[in-house]
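Survey of secondary and tertiary structure
Single-letter residue listing:
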Amino acid sequence: MAGETLTTSGYIQHHLTNLTYGLNPETGEWEFAASASEAAAMGFWSINVDSMAWSIGLGAIFLLLFIKAGRSATSGQPGPFQNFIEMIIEGIEEQVLSVFDHKNDLVAPLALTIFVWVFLMNLMDLVPVDWIPELALLAGVPYMKIVPSTDPNITMAMALSVFALVIYYSIKCKGLGGFLSELSFHPFPVSKYTAPFLLPINFILELVTLIAKPVSLGLRLFGNMYAGEMIFILIAVMFSANLALAILGGALQWAWAVFHVLIITLQAFLFSVLSVVYLSQAHDADEH
Amino acid sequence: MNINLTLLGQSITFGIFVWFCMRFAWPPIKAMMAERQEAIASGLRAAQDAEERLAKAASDVDEEISQAKAEAAKIIEAARTQSAQMIDEAKNAAKEEADRILESAKSDIDQEMNRARETLRRELSGLVISGAEQVLQESIDAGKHEALLEQLAGEL
């Protein structure tokens, strides 16, 4: 537990703060931020070391698993591990085929990477909230947030990467003019007389729709995971109150974890499928 | 919860991981799955072929069996007539043999009878002569009467 000296709000605050490394404007040195306000003061040119480390570690686990599966794969009778990997791959491919009907070798591996990686990141949410931060404290690390998908930097980075691909394929498949005209001639039909008036309105409306895609994509995942983590933390606070509340908290934690298993899978799946849908729209040259 | 360099870091990481996945993870697994699909398909085809061949073999076997049965029936029929014929022949041969044996036995008996008759005749004639000798109480020229006795014996 968080220890008697910490207040409840301090405990929660501690669990929601990233381990940030950056230039501290007060001391003028590159160092780990000692508090949330210090981290905020570092501004953009700082990095959340814990988010990056867990995210890269989990991504590496994903790649190792799948590359190992590919190495040891046999076209004969598959073992349980290979079966499991193939099940994931076939599930993803089926989803991609049902949504995306263009020729693109990137999309299916992209969907697979997003799904498994995001799932693994979300899965860290099921690790009891105190274990790793307390271990980190013992090791002298002040903050340790182990669920990378509760860091908006991580989710937005992935959403913006997908968005960059969407822009790239939109321009590649439709041409810059085609892409811009797609933005300008909707949703209001434009005629010769209304053009000067309606074109900007259309463009602004479509631009908002376009930008809403990555924002909603990234913030949906962040919001779900952040809220889930928050509830785990609030339940953990109950443990330090009294015995009755602690028992209730145990039951609640179990129930929430069961429910959360659904949420993390669903969110990983949503992120992956929506990315494919956006990319599919980018490829659809003529959807009017 | 500040937007900072992590955004860039994660974007770069994301790109690298997606590229790795596309380059090293996805293709070998897909290739292997396609390979297995092909193996299963060809296995199914082979199974179907085997099934067809089995059905054909079964009908062939039926045909062979009925042919063999017909052949066997023919052979049995032939054997039956042949055995009947052989039995007939054997019967005839036995009958002939029996007749022949009977015949020779009859002739043997005849010969034996004649010989016995001859012997009897001679003995009788001897007895008659000795009887006559005794009756006459005198020697009778045996040589003289031999011819007479022979004649007598022939008349018996």
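Residues numbered from 1 in each chain as written. Chains lettered and ligands numbered in written order. Predicted model: local features only at pLDDT ≥ 70, side-chain atom pairs only at ≥ 80, totals over all residues. Heavy atoms only, no water.

Section: the overall build of chain B
If you tally the helices and strands in chain B, you get 2 helices and 0 strands. For chain B, whose C-alpha radius of gyration is 60 Å, the value lies well above the compact-globule estimate of 15 Å for 156 residues. In terms of overall dimensions, chain B has C-alpha extents of about 190 × 30 × 25 Å along its principal axes. Across the 156 residues in chain B, those meeting the buried criterion constitute 13%. (Helix = DSSP H or I, 4+ residues; strand = E, 2+ residues; numbered from the N terminus. Rg over C-alpha atoms; globule rule 2.2 N^0.38 Å. Buried < 20%, exposed > 50% of the residue type's maximum accessible area, 1.4 Å probe, protein only.)

Details of the pairing of strand E1 (residues 20–24) of chain A
Residues and elements named next belong to chain A. Bridge count for E1 against strand E3 (residues 46–48) is 3 bridges, and the pairing is antiparallel. If you follow Gly-22 over to E3, its bridge partner there is Ser-46. For E1 and strand E2 (residues 29–32), the ladder comprises 4 bridges, and the chain directions are antiparallel. Directly across from Leu-23, in E2, lies its bridge partner Trp-30. Turn length for the E1-E2 hairpin, with the two strands adjacent in sequence and antiparallel, is 4 residues, and the turn residue Gly-28 shows positive phi of about 75°. (Pairing = 2+ DSSP bridges.)

Some remarks on the nonpolar core
Ranked by internal contacts, the top residues of the largest apolar core, which has 74 residues, are A:Phe66 and A:Leu112. Elements that contribute at least two residues to this core include exactly helix H1 (8–15), helix H3 (49–72), helix H4 (80–99), helix H5 (107–123), helix H7 (152–184), helix H8 (195–238) and helix H9 (243–283) of chain A together with helix H1 (6–136) of chain B. Of all the elements, H5(A) adds the most residues to this core, at 12 residues. Here A:Leu112 is in contact with A:Phe62, A:Phe66, A:Ile88, A:Ile89, A:Ile92, A:Trp117, B:Cys21 and B:Trp26, once residues within four sequence places are set aside. (Core = buried A, V, L, I, M, F, W, Y, C linked by side-chain atoms within 4.5 Å. Contact = heavy atoms within 4.5 Å.)

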